[in-house]
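Here is how the chains run, residue by residue.
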Amino acid sequence: MAQSWDDYLAYQEKVDGIQFTWNILPHSRDDAIKIPVPIGVFYQPLKERPLDQPQQPVLNYEPVLCQKKTCKAVLNPLCFVDYQGKSWKCNICQQRNMFPPHYAVIAEDRRPPELYPQFATIEYTLRNPKADILAPIFVFVLDTCVPEDELKALKESIQTAVSLLPADSLVSLVTYGKMVELHELTARDMPISHVFNGAKEVRREQMENKLRESIGKPAGIGPQGPIAMLRASTMINRRLVRWQLRHVNTEFRSSSWISPVFC
């Protein structure tokens, strides 16, 4: 029996822990501007595959990346592969890339695991000691437009979730209701947050300027980009964050914001 579109989406969410805000991408810039909800994806990075699904071991080699400097997407089953020409086309930016030398024997009947559809999500072990590997970052984004009892339960679940994260991970907190608040988890004496009006659109440049004015250039960090500025004050190591979160959680309350209904 043929699989329906809804069944396919449910299967992807079950196996890979992926859910998009839209299941079809806009075909033009005009269509992208008109959509009321931005394109985004919910992804569970630590999700374990169901036991009834094929179990793929961690790959002990580096992933093949798109060579376009502004892309760097990873080779995956959705890419078009020219087995005779030993090249592949990135499904994100359409850049044509040549396979590295150690993929010389690749063929349609000798594909690497990352090209099999059942392994759309796969893990690699990075062996390059010089690789600039960032610690995993977990941003908790909380909707405060809920009753007080639900918000209390949510705060408690965050404490539990943080305790289960990898020891070297970084944690950040964003709450939104009438206002969007980016919390400074490194603040010791009193809770500090950067507040943005939830009814107004905030451009990336505006946010960067606000963070730059409030935080300044982080010491010991290179270019002053948004990630560097965020890491300076709004992200904190998991081992240090539990007390800070407990302190911040006592400050924010349920919001009475009424969201508009889109038909």
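Residues numbered from 1 in each chain as written. Predicted model: local features only at pLDDT ≥ 70, side-chain atom pairs only at ≥ 80, totals over all residues. Heavy atoms only, no water.

Looking at an unreviewed UniProt entry, one finds the chain named Protein transport protein SEC23 and attributed to Steinernema hermaphroditum. As its UniProt record puts it under Sequence similarities (unreviewed entry), the chain is described as follows: "Belongs to the SEC23/SEC24 family. SEC23 subfamily." Reading the Function (unreviewed entry) entry of the UniProt record for the chain gives the comment "Component of the coat protein complex II (COPII) which promotes the formation of transport vesicles from the endoplasmic reticulum (ER). The coat has two main functions, the physical deformation of the endoplasmic reticulum membrane into vesicles and the selection of cargo molecules." (UniProt positions renumbered as here; feature names shortened; annotations may be inferred.)

Undergrad: Please clarify how the nonpolar core should be interpreted in this entry.
TA: The tendency in soluble globular proteins is for nonpolar side chains to be buried side by side. Judged by nonpolar contacts, the single largest core of 13 residues is most densely connected at Leu75, Val81, Trp88, Phe99, Tyr103, Ile106 and Leu115. Of all hydrophobic cores here, the second largest spans nine residues; its members include Phe140, Leu142, Val162 and Leu185. (Core = buried A, V, L, I, M, F, W, Y, C linked by side-chain atoms within 4.5 Å. Buried < 20%, exposed > 50% of the residue type's maximum accessible area, 1.4 Å probe, protein only.)

Undergrad: For this particular structure, what's the right way to read the sheet that holds strand β3 (residues 80-82)?
TA: In any sheet, the strands associate via hydrogen bonds between backbone groups, in a parallel or an antiparallel arrangement. Strand order in the open sheet made by the three strands is β3-β4-β5, with antiparallel pairing throughout. With one partner strand each, in any of the chains shown, β3 and β5 (96-98) form the two edges of the open sheet. Across this sheet, the average inter-strand angle for adjacent strands is 25°, counted without regard to direction. Summarising the sheet, strand β4 (residues 87-89) and β5 pair through three bridges and their orientation is antiparallel. Residue Lys89 lies in a different strand from β5, and its bridge partner there is Arg96. (Pairing = 2+ DSSP bridges. Helix = DSSP H or I, 4+ residues; strand = E, 2+ residues; numbered from the N terminus. Axes fitted to C-alpha atoms, helices over the stretch in contact; angles between N-to-C directions.)

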